[in-house]
Amino acid sequence: MIRKILLFILILISTNGANAQKAPVYDLTYPQLSNSDFMVNVFIDSSNNRCINEISTLHEQFKPTKSRYFFKSIEKTYWFTFSIKNLSSQKAEYVIGFDEVFLKKVDIYYKTDSSWTSKTNGLMLLVDQRDVHNRCPFFHITMLPNETKQIYLRAYTDFALMAGIVVSDVDYFLNEELKTTMWYWAYFGAAIAIFLYNFFLFIYLKEKLYFFYIAYVMCFIVFAFTYAGYTQHLISNIKILYNLDMSIALMGAFVTLFTRELLNTKQLLKSIDRLLVGISLVYFLIALLIPVNIYFYQWLVWFGPPSMFFLFFTGIYSYKKKVKFSGFYILAMSCYLSGLMMIGLVNQGLIAFSSITRYGFIIGSLVELVLFSFALGYRLKFLQDEKNMMQQSLFLSERKQKNELEKQVKERTIELIKTNNHLNRLSKFKDDMTGMIIHDLKNPLNTIMNVLPKEKTDPKFRIIKQSGFVMLNLVQNILDVYKSENAELNLNKTQQSIANIINMALSDVHYLSKQKGVSFEFQAYLSYELKVDLDIIKRVFINLFTNAIKASPNNQKIKIELHYKQKKISVFITNLGKDIPKTRQQEIFKKYKQLDNTEFQSSSTGLGLAFCKMAIEAHNGKIGVKSDSKVGTTFWLTLPNAICSNTEKTTETYFEKKKLALSEEEKKYLSPFMHKLQNLKVYEIWMINKILENIEPNSDGITEWLEELDDAIYADNNEQYIDLLNLNYL
């Protein structure tokens, strides 16, 4: 009690009764003196170049002020002076300095014997390099018994801030610093826990809302770490320390974006949403400018408080609009703004400094982070409940739809059964009609071919007869495929020579080969025999020869080879036509599959090769195709249980064109007509026939020439047509 009275008297004398230039003197017997505002003298050096010797003589220019002082100007040097006295009978250790971390440079001066002792502290030094290893600029002073020292403190700052001068004995100082450090690290632990919790929520949900919040929390941790001064343990570069202040601007940007997402202003408050976007952009701009020049930090001081209050009133407006989570938001922002207002009022000197007013900003921010985390956790629960309700609703809807669907399926099943029965009846009727029609077509076709004259007459009769053979073969293919599908194909096997079967098939395709000028080269042993259905195997070869003729270019040769091995006969039929792609080689043996061969045009049922495969497999054989653009296309088939009675090999050529033997008189007679025909194309049949009507077949040579020319015209064989007109066959 006596100490407080003495202190009050000293302050009263120093401020009122004493000369203003005289520095206050304080007894440091009790450490509690450091915790109270006391009076000091201050001098503001606008020139920034005065030294201690000059300052110590300017007592009349110093003015009294409280030890907690607001540094308004960032371009001036501040000098503070006061005296301390050790009235105890023992040597004492004291700590003197400022309780804020953002002073750029602080110097202390006092006389020892008759010379000045000086020490330097501030942001430019790492904590380990300072006189007192502390984040704030403090100095250590030793006082002898009954010693008095006049202290001069010189301070520079790049920020407008409030700082207090501290005078304390070492034990009391260390005790208070330990308490402060414990509180700070408790705050950092809580903030980091909140960050990690929401970080994992972000990883799980992958929503922008959680990203903005964890970015906001991370920036807040960086700011608080810097604000508390702990970054000075790691960094002595002032520019880097100042650059960390951009975390404050980023905090403002991310909390604004977080507000947009949490309150869903993009959909619910569109007019406010545009302002929030603008606020976030301004914060990002300030964050980019602070590393350029620290003085842009002042923009943040001016812009920050009104923008935060705007966010707060946005929360109130959202609450009136009954926006979800707006209640949490208002409560959190209230705590944050309360702390922000307290530190602002303290810096302006409008309210007294205390632990609550000094650290209320940190406390309010921590409460804000916790409440925002509660809001996000509640939101997650809300989303899960909403999801469960939707799933339950979906389940009920699916059950209802399932019941309705089952009902429809039952009704539809009854309809399908009726429709299927009707289709089966129609299918049976179709099959019966198809079989009857195909079977009945054979008789009239046989009649047509039998009544045609067999001798060589008009080429039109030969075309009709050949076409009849083709039609009969197609009808028989359809009938056999139909029988095979209905398990009615019966084989009448007899011992046959494979060479004889091939010769009979070649005879049936003679006219077709003659139309294209195609000849066959047949290589085989003299005698291969096996049990087969003669009619079916013959039609297999007719189909294969017909396909080979159609695919082969005009006036080319088709090669037939027979091989015998291990009681199996293999037949290879090779033409030089367009190759078959590998992707199509397996498909061509399926029903209704046709090759798109641009070298010939012919209509087809697509059943010829399907019939061949069916017929060969019915004889326990195999059939396939190999195609190469260099060697041509080869269709092959293999039949088992063959007998070879003669190993002598022979080669024969069928349908090879023979030269016409025209006499000189016949050539002379035909020459004028040939010149006229050379001006016409093979497809100009009407005009060609007009010319041919004037030719008298008055000799065997002319008659044969006319027949060959007719064959070339009706087969559209342009090469043979040109050869006959150029007398290449003569």
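Residues numbered from 1 in each chain as written. Predicted model: local features only at pLDDT ≥ 70, side-chain atom pairs only at ≥ 80, totals over all residues. Heavy atoms only, no water.

A. Main features of the overall build of the chain. Helix and strand counts for the chain stand at 20 helices and 18 strands. Sequence-distant contacts in the chain: of pairs separated by 6 or more residues, those separated by 24 or more amount to 74%. (Helix = DSSP H or I, 4+ residues; strand = E, 2+ residues; numbered from the N terminus. Contact = heavy atoms within 4.5 Å.)

B. Fine view of the sheet that holds strand 6 (residues 92-98). As summarised here, the arrangement of the 4 strands in space is 4-11-6-9, forming an open sheet in which the pairing is antiparallel. A single partner strand is all that each edge strand has here, and the edge strands are strand 4 (68-71) and strand 9 (138-143). On average, adjacent strands in this sheet sit at an angle of 20 degrees to one another, irrespective of strand direction. For strand 6 and strand 11 (residues 161-169), the ladder comprises 5 bridges, and the chain directions are antiparallel. Paired with Gly 97 across the two strands is Val 166, which belongs to strand 11. Sheet strands in contact with helix 3 (residues 170-205) are strand 6, strand 9 and strand 11, and its direction is about 130 degrees off that of strand 11. (Pairing = 2+ DSSP bridges. Axes fitted to C-alpha atoms, helices over the stretch in contact; angles between N-to-C directions.)

C. The nonpolar core, seen in detail. Core analysis: the biggest nonpolar cluster contains 107 residues, and Phe 71, Phe 80, Phe 82, Phe 98, Leu 153 and Tyr 216 have the highest contact counts within it. With 14 residues, the single largest contributor to this core is helix 4 (residues 208-227). Each residue touching Phe 71, except ones within four places of it in the same chain, is listed here: Tyr 78, Phe 80, Phe 98, Leu 103, Ala 155, Thr 157, Phe 159, Ala 160, Leu 161 and Ala 163. (Core = buried A, V, L, I, M, F, W, Y, C linked by side-chain atoms within 4.5 Å. Buried < 20%, exposed > 50% of the residue type's maximum accessible area, 1.4 Å probe, protein only.)

D. A look at helix 15 (residues 534-551). Compared with the 26 Å implied by 1.5 Å per residue over 18 residues, the 26 Å span of helix 15 between its first and last C-alpha is a close match. Most of helix 15 sits out of view: 13 of its 18 residues are buried. The opening residue of helix 15 is Asp 533, an N-cap whose side-chain oxygen sits 3.2 Å from the backbone nitrogen of Asp 535. (Expected span 1.5 Å × (residues − 1). Polar contact = N/O pair within 3.5 Å; in protein donor to acceptor, adjacent residues only side chain to side chain.)

E. Representation of the packing of aromatic side chains. For the structure shown, the criterion picks out 44 aromatic pairs. When the ring of Phe 71 is compared with that of Tyr 78, the centres are 4.8 Å apart and the planes differ by 80 degrees; the resulting orientation is edge-to-face. The pair Phe 71 / Tyr 78 is uniform in exposure class, with both members buried. Ring centres 4.9 Å apart and planes at 90 degrees place the aromatic pair Phe 296 and Trp 299 in the edge-to-face group. On the basis of relative accessibility, which here comes to 21%, the residue Phe 296 falls in the partly exposed class. Note on Trp 299: relative accessible area 36%, which makes it partly exposed. Ring pairing ties together the aromatic residues Phe 102, Tyr 213, Tyr 216, Phe 220, Phe 223, Tyr 227, Phe 258, Tyr 329, Tyr 336 and Phe 372, which thus form one cluster. Looking at Arg 135, its charged tip hangs above the ring of Tyr 230, at a distance of 5.5 Å from the centre. (Phe/Tyr/Trp six-rings, centres within 6.5 Å; stacked < 30°, edge-to-face > 60°. Lys NZ or Arg CZ within 6 Å of the ring centre and 35° of its normal.)

F. Representation of the packing of helix 6 (residues 246-263) against helix 8 (residues 270-289) in the model. The geometry of helix 6 relative to helix 8 is characterised by a closest axis approach of 8 Å and an angle of 160 degrees between their N-to-C directions. It follows that helix 6 is roughly antiparallel to helix 8 by the angle criterion. Of the two possible hands of crossing, helix 6 and helix 8 adopt the one that is left-handed. Across the interface between the two elements, Met 246, Ala 249, Leu 250, Gly 252, Ala 253, Phe 254, Thr 256, Leu 257, Thr 259 and Arg 260 from helix 6 touch Asp 273, Leu 276, Val 277, Ile 279, Ser 280, Tyr 283, Phe 284, Ile 286 and Ala 287 from helix 8. Across the contact of helix 6 with helix 8, the residue classes tally to 13 nonpolar, 4 polar and 2 charged. (Parallel < 35°, antiparallel > 145°, perpendicular 65-115°, else oblique. Left-handed = near helix turned anticlockwise from the far one by under 90°. Nonpolar A, V, L, I, M, F, W, Y, C, P; charged D, E, K, R; others polar.)

G. Region of the structure containing the pattern of salt bridges. Enumeration according to the criterion identifies 17 salt bridges in this entry. The residue Lys 104 makes a salt bridge to Asp 158 at a minimum N-O spacing of 3.8 Å. Note that Lys 104 is positioned in strand 7 (residues 103-112) and Asp 158 in the loop between strand 10 (148-157) and strand 11, a separation of 54 residues in sequence. We classify Lys 104 as partly exposed; its relative accessible area is 30%. A network of salt bridges, in which partner residues are shared, links Asp 45, Arg 50 and Glu 54. (Salt bridge = Lys/Arg side-chain N within 4 Å of Asp/Glu carboxyl O.)

H. Highlighting unusual backbone geometry. A positive phi angle is found at Phe 325, which is not glycine, with a value near 70 degrees. Inspection of the secondary structure assignment puts Phe 325 in the loop between helix 9 (297-320) and helix 10 (326-347). For Asn 555, which is not glycine, the phi torsion reads 65 degrees and is therefore positive. Along the chain, Asn 555 turns up in the loop between helix 15 and strand 14 (557-565).

I. Molecular detail of the confidence of the model for the chain. Mean pLDDT for the chain: 80, with 82% of residues reaching 70 or above. Between residues 1-20, whose pLDDT stays under 50, and residues either more than four places distant or in other chains, the model counts 16 contacts. Per-residue pLDDT stays below 50 along residues 597-604; that stretch engages in 12 contacts with residues further than four places along the chain or on separate chains. (pLDDT = per-residue confidence, 0-100.)

J. Representation of the pairing of strand 14. With 7 bridges joining them, strand 14 and strand 15 (residues 568-575) adopt antiparallel strand pairing. Following the sheet pairing, Tyr 564 is matched in strand 15 by Ile 569. In this antiparallel pair of consecutive strands, strand 14 and strand 15, the connection spans 2 residues, and Gln 566 shows a positive phi of 50 degrees.

K. Structural context of the packing of helix 13 (residues 498-508) against helix 15. Remark: helix 13 packs on helix 15, axes separated minimally by 9 Å, with the N-to-C direction vectors making an angle of 55 degrees. Considering their axes alone, helix 13 and helix 15 lie oblique with respect to each other. In this structure, helix 13 meets helix 15 at a crossing whose hand is right-handed. Contacts between helix 13 and helix 15 involve Ile 498, Ile 501, Ile 502, Met 504, Ala 505, Leu 506 and Asp 508 on the former and, on the latter, Leu 534, Ile 537, Lys 538, Phe 541, Ile 542 and Phe 545.

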